[in-house]
Amino acid sequence: MRKAIALLFIALFFLAGNAFAQSDELVNTCALNIGNATYMKDFKVKLQQSSVKPPPSSKFSVLMNKGTIYKLNTCNADGYEGQAIVELYDGNKKITSNLQPDGSVKDAAGFFCQKSGVYKVDVYFKDGKEGAAVVILSFMQNK
Amino acid sequence: MEKILIVLAAFALVLFGCKSDPNKGSENFDDILGDDVNVESSEVTEEMPTEALQVLQNISSSPVEMAALLQASGVEFSERYIAEIQDVDRYNTDFKRALNLGILGADLGYLNMYKKTGPVMNNMQAIRKLSEELRVQQFFDFQTIKRLATNNENIDSLMYITLQSFNNMDTYLQQNGRSEVSALILCGTWIEGMYIATQVIKDAPEKNPEIEERIGDQKGIVENLTVMLSYYKNAGQFANLHKQFEDLLESYDGVTTTITQGEPEQREIDGIMVVIPNEVSNTVVPDETMENIINTVKNVRNNLIQL
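Residues numbered from 1 in each chain as written. Chains lettered and ligands numbered in written order. Predicted model: local features only at pLDDT ≥ 70, side-chain atom pairs only at ≥ 80, totals over all residues. Heavy atoms only, no water.

A.B. asks: Got a sec to walk through the overall build of chain A? Specific residues and values, please.
C.D. replies: Within chain A one finds 1 helix and 8 strands. Mapped from its N terminus to its C terminus, chain A presents α and β elements in the order α-β-β-β-β-β-β-β-β. Accessible area for chain A stands at about 7,100 Å²; split by element, carbon and sulfur atoms hold 53% of it. (Helix = DSSP H or I, 4+ residues; strand = E, 2+ residues; numbered from the N terminus. Areas by Shrake-Rupley, 256 points an atom, 1.4 Å probe, with all protein chains shown as cover.)

The following block contains the structure:
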């Protein structure tokens, strides 16, 4: 029994370390996709499969400034079916998303801020599938 | 074999067991205040809501945006605006170290934005010292940063690695019961970004409406920072810092923001479709108010670096 408990802890230890390393690697890879923008932040999201509608999501608050163009790039981790959907909200009003009206999913969504303030970033996985992803927030000055 | 496994399990237990409740931000106040003899009380009246701290964490990159705005507006770089790194040896408590790590972090963003890789190395030496003393040096890959700083071709990578290091450090501090350190770093970062921007306005031969509006738009952040500090105001030096931010908020009296409705549109920029919403804010900072803000920001910032 003691051996089993010990092995469980060892496994947890290595699995935790591996998960952190993988997500950091995904951030580094994803940051290569931001084009001419400057990296600001990254959000790591991992969600279980769910049949609940709307599907569960991770929410983040971000401050955005008037006159700045923001990009939200998504990168999905290998080994998961879920495709990350990122939505940007001003209060309850959806501003933009990488989910297109025809159901296709783009790798990025852009927003040219005209009103400084705190906005919400909502990330979930299409059709409630299990997924792990990274969202990179970057900016470009409009000059 | 069994003994080895038990030892490893104990090690894992210790490792995970050390991770305290992220909401318990008040436990490390003695560590924060260190050996400062002026500290009277380390009691916290109320813990800061996690959501409020998350909002505040997410404004931490704004000095880099401010630096980008300055550069895009044609403002020349000036080393006069950044903090003296030799002051770093005087910071003998975590309170002082955290505030000044934030200040140096903002300066680093400013230097990187203007591709001033020479001063970056000096700045990183000071950051290294403070981060070691704050026990967060593991988030900075100083060797890689040094390599990137000596190669002007890799400025984007340098910017990325330094910003990500600060972000990861913030997350770690908040998730490990050290949210006060994170809050202090944030205050330092923000005030330094504001100091650089307000000094630019003060020295500018003519008005720059875009930078002035950005300074005016910071009113909401000052409100948030002041509220954040109010959670800690019964703890020694936090009371004084809270008072300084209250003064700063007061200096914003007279700033007004109006919202007008425009036409929404979409445009392809840098390879992606960008939404341009229809609500447009317009922030006005009267001259007298701007003068008050410039003076108050300077006072607060200089108080922090002279701690």
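A.B. asks: I'd love a proper account of the sheet that holds strand β8 (residues 131-141) of chain A, names of residues and values included.
C.D. replies: Taking strand neighbours across the sheet as the criterion, the 6 strands line up as β1(A)-β8(A)-β3(A)-β6(A)-β3(B)-β2(B) in an open arrangement whose pairing is mixed. Unpaired on one side and paired on the other, β1 (38-47) of chain A together with β2 (265-269) of chain B mark the two borders of the sheet. Ignoring which end each strand starts from, the neighbouring axes of this sheet average 25° apart. In this structure, β1(A) lies alongside β8(A), joined through 9 bridges in antiparallel fashion. Opposite Leu47(A), over in β8(A), you have Gly131(A) as the bridge partner. (Pairing = 2+ DSSP bridges. Axes fitted to C-alpha atoms, helices over the stretch in contact; angles between N-to-C directions.)

A.B. asks: Would you mind going over the environment of Gly131(A) in detail, with residue names and values included?
C.D. replies: Residues and elements named next belong to chain A. Examined against the element boundaries, glycine 131 turns out to sit in strand β8. Of the residues examined, glycine 131 reaches a relative accessible area of 0% and is grouped as buried. When the C-alpha positions of glycine 131 and valine 45 are compared, they lie 8.0 Å apart, and in sequence the two are 86 residues distant. With sequence-adjacent residues up to four places away left out, glycine 131 is seen in contact with Val45, Lys46, Leu47, Tyr80, Gly82 and Phe125. (Buried < 20%, exposed > 50% of the residue type's maximum accessible area, 1.4 Å probe, protein only. Contact = heavy atoms within 4.5 Å.)

A.B. asks: Now, about the packing of aromatic side chains: what can you tell me, with residues and values included?
C.D. replies: Counted under the stated rule, the structure contains 12 aromatic pairs over all chains. A ring pair is formed by Tyr39(A) and Tyr160(B), whose centres lie 4.8 Å apart and whose planes are at 85°; its orientation type is edge-to-face. Taken together, the residues span two chains, with Tyr39(A) in strand β1 and Tyr160(B) in helix α8 (residues 155-175). When sorted by exposure, Tyr39(A) lands in the same class as Tyr160(B), which is buried. Here Phe95(B) and Phe238(B) contribute two aromatic rings whose centre-to-centre distance is 5.2 Å and whose plane-to-plane angle is 80°, an arrangement assigned as edge-to-face. One end of the pair, Phe95(B), is in helix α5 (residues 94-113); the other, Phe238(B), is in helix α12 (residues 237-251), and 143 residues separate them in sequence. In this structure Phe95(B) comes out as buried when scored by relative accessible area, which is 2%. Counting every residue linked through ring pairs, the aromatic cluster contains Phe77(B), Tyr110(B) and Tyr114(B). (Phe/Tyr/Trp six-rings, centres within 6.5 Å; stacked < 30°, edge-to-face > 60°.)

A.B. asks: Lay out the state of the cysteines in plain terms, naming residues and giving numbers.
C.D. replies: Residue and element names in this part refer to chain A. Counted by the stated rule, this structure contains 1 disulfide over all chains. The partner cysteine of cysteine 30 in its disulfide is cysteine 75, sulfur to sulfur 2.2 Å. Linking cysteine 30 and cysteine 75, the disulfide has an S-S dihedral of approximately 90° and is accordingly described as right-handed. Of this pair, cysteine 30 sits in helix α1 (residues 2-30) while cysteine 75 sits in strand β3 (residues 68-76), and the two are 45 residues apart along the sequence. (Disulfide = S-S within 2.5 Å.)

A.B. asks: Lay out the packing of helix α9 (residues 179-203) of chain B against α12(B) in plain terms, naming residues and giving numbers.
C.D. replies: Residues and elements named next belong to chain B. For the pair α9 and α12, the least separation of the axes is 13 Å and the interaxial angle reads 35°. For the pair α9 and α12, the crossing hand works out as left-handed. In this structure, α9 contributes Glu180, Leu184, Cys187, Trp190 and Ile191 to the contact, and α12 contributes Phe238, Leu241, Phe245 and Leu248. A per-class count over the contact of α9 with α12 returns 8 nonpolar, no polar and 1 charged. (Left-handed = near helix turned anticlockwise from the far one by under 90°. Nonpolar A, V, L, I, M, F, W, Y, C, P; charged D, E, K, R; others polar.)

A.B. asks: Give me the lowdown on the sheet that holds strand β7 (residues 117-125) of chain A, citing residues and values where you can.
C.D. replies: Residues and elements named next belong to chain A. The strand order across the open sheet built from 4 strands is β2-β7-β4-β5, with neighbouring strands paired in antiparallel fashion. Strands at the two margins of the open sheet, each flanked by one partner only, are β2 (57-64) and β5 (93-97). Across the sheet, the mean angle separating the axes of adjacent strands is 30° when strand polarity is ignored. Pairing analysis gives 6 bridges linking strand β4 (residues 84-90) to β7, with the strands arranged antiparallel. Its bridge partner lying in β7, alanine 84 is registered against phenylalanine 125.

A.B. asks: Outline the pairing of β4(A), supporting the account with residue identities and numerical values.
C.D. replies: All names here are of chain A. Counting buried residues along β4, 7 of its 7 residues qualify, which places the element largely inside the surrounding structure. Of the two faces of β4, both are covered, the one formed by Ala84, Val86, Leu88 and Asp90 as well as the one formed by Ile85, Glu87 and Tyr89. Pairing between β4 and β5: 4 bridges, direction antiparallel. Across the sheet, the residue bridging to tyrosine 89 is lysine 94, located in β5. Taking the residues that link successive antiparallel strands as the turn, the β4-β5 hairpin has 2 residues, and the phi of glycine 91 there is positive, at about 65°.

A.B. asks: If you had to explain unusual backbone geometry to someone new, which residues and values would you point to?
C.D. replies: The omega angle of the peptide bond from Lys53(A) to Pro54(A) is -5°, so this bond is cis rather than trans. If you trace the backbone, Pro54(A) turns up in the loop between β1 and β2. Phi is positive for Asp127(A), which is not a glycine, with a value near 60°. In this structure, Asp270(B) is a non-glycine residue whose phi angle is positive, near 50°. Within the secondary structure layout, Asp270(B) lies in the loop between β2 and β3 (272-276). Judged by relative accessible area, which is 30%, Asp270(B) ranks as partly exposed.

These values are about where atoms sit, not about what they do.
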